[in-house]
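For reference, the chains in residue letters:
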Amino acid sequence: MSHRLRTVLLCLLLSAAPAARAADGACAPARVGLSDLGYTSYRDGAAIRGITADVLEAVRQRSGCAFQLEWYPHGRLYAQFFNGQLDLTGASLRTAERDHYGVWLPYAYTHFELLLLNKNAGKFHSLEDFVEHSTARLNVTRGIFYSAATMAQMERLQKLGRLEYVSDYGVVFRKILAGRAEGTLAPPAIHVLHQRRFHMLGTMSATPFAESPRALVGVYVSNRVAAPVRRRYVEALRAVVGDGTVQKIYERYLGEEITRQIFSGGVRDILDALPDS
């Protein structure tokens, strides 16, 4: 075989390699939208850190698929996802609207709590109970998905002048410190970080409420992402949920007690909710 022919064949093999890898599900770095959600995702200088970033790093290690993390105000994040500007969203509850644009892959549980300054806290078992037996004001963030039952009580609070929407949780806690609100609605993964940042641990009480039962939380993968790549995400998530990696990530940020509460009952519901492909 001549030197020239060997060179031509080598070039053909090298040029064919990327296509072969693509057919096997190779993945370019995916653009992931994250926003201010406490320990779920937060800014540390120029870096984006938190539970979601660590879960995605675990997925990268298992799948070989890299992720490019990008920061957005929460109110803009899903607009970017719906417009095809993002490949994945961070910590997301499942909704019918979001299902039109992507495939939802759960990896953990979440639940909202009624977080109040201690002087305003009471034995409220439901948000309805809080609306009817308190005068405390809440600030909540735009772009968060709440259950229909929670939204019904929030509408009552807004009509009473006791609820205001703001841009993010940082604003929520600054307004609580300034005496312009007495509480908020947030999962532990969100409010624990802000309580620590604003030196409010021990000054606030968190209570689960009936209108917001425990729910699964995950990432949305855009319909534009190729099915072989999505399968690699699914397989990696199934592994890191099943082997306890996700729980260990939660423990690093929230401690053992809160993590044990979040994952009480095990991870079978999460694994069963992951799609087959």
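Residues numbered from 1 in each chain as written. Predicted model: local features only at pLDDT ≥ 70, side-chain atom pairs only at ≥ 80, totals over all residues. Heavy atoms only, no water.

Per an unreviewed UniProt entry, the chain carries the name ABC transporter substrate-binding protein and comes from Duganella violaceipulchra.

A short note on the state of the cysteines
Which entries qualify depends on this criterion: Criterion for a disulfide: a pair of cysteine sulfur atoms at a distance within 2.5 Å. Only DSSP runs of H or I reaching four residues or more are called helices, and only runs of E reaching two or more are called strands; each is numbered from the N terminus. Each residue is assigned to one of three classes by its accessible area relative to the maximum for its type, calculated with a 1.4 Å probe on protein chains only: buried under 20%, partly exposed between the two thresholds, exposed over 50%.
A complete count under the given rule lists one disulfide for this structure. Between Cys27 and Cys65 runs a disulfide, and the two sulfur atoms are separated by 2.0 Å. Since a negative S-S torsion denotes a left-handed disulfide, the Cys27-Cys65 link at about -95° is left-handed. Of this pair, Cys27 sits in the loop between helix 1 (3-23) and strand 1 (30-34) while Cys65 sits in the loop between helix 2 (51-63) and strand 4 (67-71), and the two are 38 residues apart along the sequence. Using a relative accessible area of 0% as the deciding quantity, one classes Cys65 as buried.

Some points on the pattern of salt bridges
Applied cut-off: We count a salt bridge whenever a side-chain nitrogen from Lys or Arg sits within 4 Å of a carboxyl oxygen from Asp or Glu.
In this structure the tally under the stated criterion is eleven salt bridges. The shortest N-O distance in the salt bridge between Asp87 and Arg224 comes to 3.1 Å. With a gap of 137 residues between them, Asp87 in the loop between helix 3 (74-82) and strand 5 (88-92) and Arg224 in the loop between strand 12 (215-222) and helix 9 (227-242) connect regions that are remote in the sequence. Relative accessible area serves as the criterion here: at 14%, Asp87 is assigned to the buried category. Two residues, Arg156 and Glu132, come together in a salt bridge whose shortest N-O distance is 3.5 Å.

Examining the packing of aromatic side chains
Which entries qualify depends on this criterion: Here a Phe, Tyr or Trp ring, Trp counted by its six-membered ring, pairs with any other such ring whose centre lies within 6.5 Å, and the pair is stacked when the planes are under 30 degrees apart, edge-to-face when over 60, and tilted otherwise. The rule for a charge over a ring is simple: NZ of Lys or CZ of Arg within 6 Å of the ring centre, and within 35 degrees of the ring normal.
Scanning the model with the defined rule gives twelve aromatic pairs in all. Ring centres of Tyr39 and Tyr42 lie 6.0 Å apart, and the angle between their planes is 85°; this geometry places the pair in the edge-to-face category. In terms of burial, Tyr39 and Tyr42 fall into one category: buried. A ring pair is formed by Tyr250 and Phe263, whose centres lie 5.3 Å apart and whose planes are at 85°; its orientation type is edge-to-face. One end of the pair, Tyr250, is in helix 10 (residues 245-262); the other, Phe263, is in the loop between helix 10 and helix 11 (268-273), with 13 residues separating them in the sequence. Tyr250 sits in the buried class, given a relative accessible area of 5%. Put simply, the rings of Tyr78, Phe81, Phe82, Tyr101 and Tyr220 pair up and form one aromatic cluster. The ring of Tyr78 is capped by Arg98, whose NZ or CZ atom sits 3.9 Å from the centre of that ring. Over the aromatic face of Phe130 sits the side chain of Arg162, whose NZ or CZ is 5.0 Å from the ring centroid.

Digging into the UniProt feature "domain: Solute-binding protein family 3/N-terminal" (unreviewed entry) in the chain
Just so we agree on the cut-off: UniProt positions are given in the numbering used here, feature names are shortened, and annotations may be inferred rather than shown by experiment.
Taking the numbering used here, the UniProt-annotated feature "domain: Solute-binding protein family 3/N-terminal" (unreviewed entry) corresponds to residues 41-256. A helix fraction of 43% and a strand fraction of 25% characterise residues 41-256, whose end C-alpha atoms lie 19 Å from each other.

Comments concerning the environment of Tyr39
So the rule is basically this: By the convention used here, residues are in contact when the closest approach between their heavy atoms is within 4.5 Å.
Tracing the backbone shows Tyr39 in the loop between strand 1 and strand 2 (42-44). Leave out the neighbours within four places in its chain, and Tyr39 touches Gly50, Ile51, Ala189, Ile190, Val192, Leu193, Arg196, Tyr253 and Leu254.

Comments concerning helix 2
Using the following cut-off: Under the convention used throughout, the expected extent of a helix is 1.5 Å for every residue step, that is, one less than its residue count.
In this model, helix 2 (13 residues) spans 18 Å end to end at C-alpha, consistent with the 18 Å of a helix rising 1.5 Å per residue. All buried positions along helix 2 are accounted for by Ile51, Thr52, Ala53, Val55, Leu56, Ala58, Val59 and Ser63. Directly beyond the C-terminal end of helix 2, a positive phi value near 80° is found at Gly64.

Overview of empty space enclosed by the protein
Quick note on the threshold: Buriedness of a pocket was judged along seven lines, with at least five required to meet protein on both sides within 12 Å; pockets are open sets of points on a 1 Å grid over the protein atoms alone, cavities are sets where a 1.4 Å probe fits but cannot get out, and lining residues have an atom within 4 Å of a point. Grid points are joined across faces, edges and corners, and a volume is the space filled by probe spheres set on the points. Basically, the charged four are Asp, Glu, Lys and Arg, the nonpolar ten are Ala, Val, Leu, Ile, Met, Phe, Trp, Tyr, Cys and Pro, and anything else, Gly included, counts as polar.
A full pass over the atoms with the stated rule returns four cavities of 30 Å³ or more. Contributing to the lining of the largest cavity are 26 residues, with Ala91, Thr110, Pro187, Ile190 and Val217 lying nearest its centre. Breaking the lining of the largest cavity down by element, the ones donating at least two residues are helix 2, helix 3, strand 5, strand 6 (102-110), helix 8 (188-197) and helix 10. Of the residues belonging to the lining of the largest cavity, the class tally is 18 nonpolar, seven polar and one charged.

A few points about the sheet that holds strand 6
To be explicit about the condition: By definition, two strands form a pair when at least two bridges between them are found by DSSP. Fitted lines through C-alpha atoms serve as axes, helices being fitted only where they are in contact, and the angles separating the N-to-C directions of these axes extend from 0 to 180 degrees.
Pairing is mixed across the open sheet formed by five strands, whose spatial order is 4-1-5-12-6. Only two strands of the sheet have a single neighbouring strand rather than two, namely strand 4 and strand 6. Averaged over all adjacent pairs, the angle separating strand axes in this sheet is 25°, with direction ignored. Across the sheet, helix 2 touches strand 1, strand 4, strand 5 and strand 6, and the angle it forms with strand 4 is around 165°. Sheet strands touched by helix 9: strand 1, strand 4, strand 5, strand 6 and strand 12. Its angle to strand 6, the strand with the most contacts, is close to 10°.

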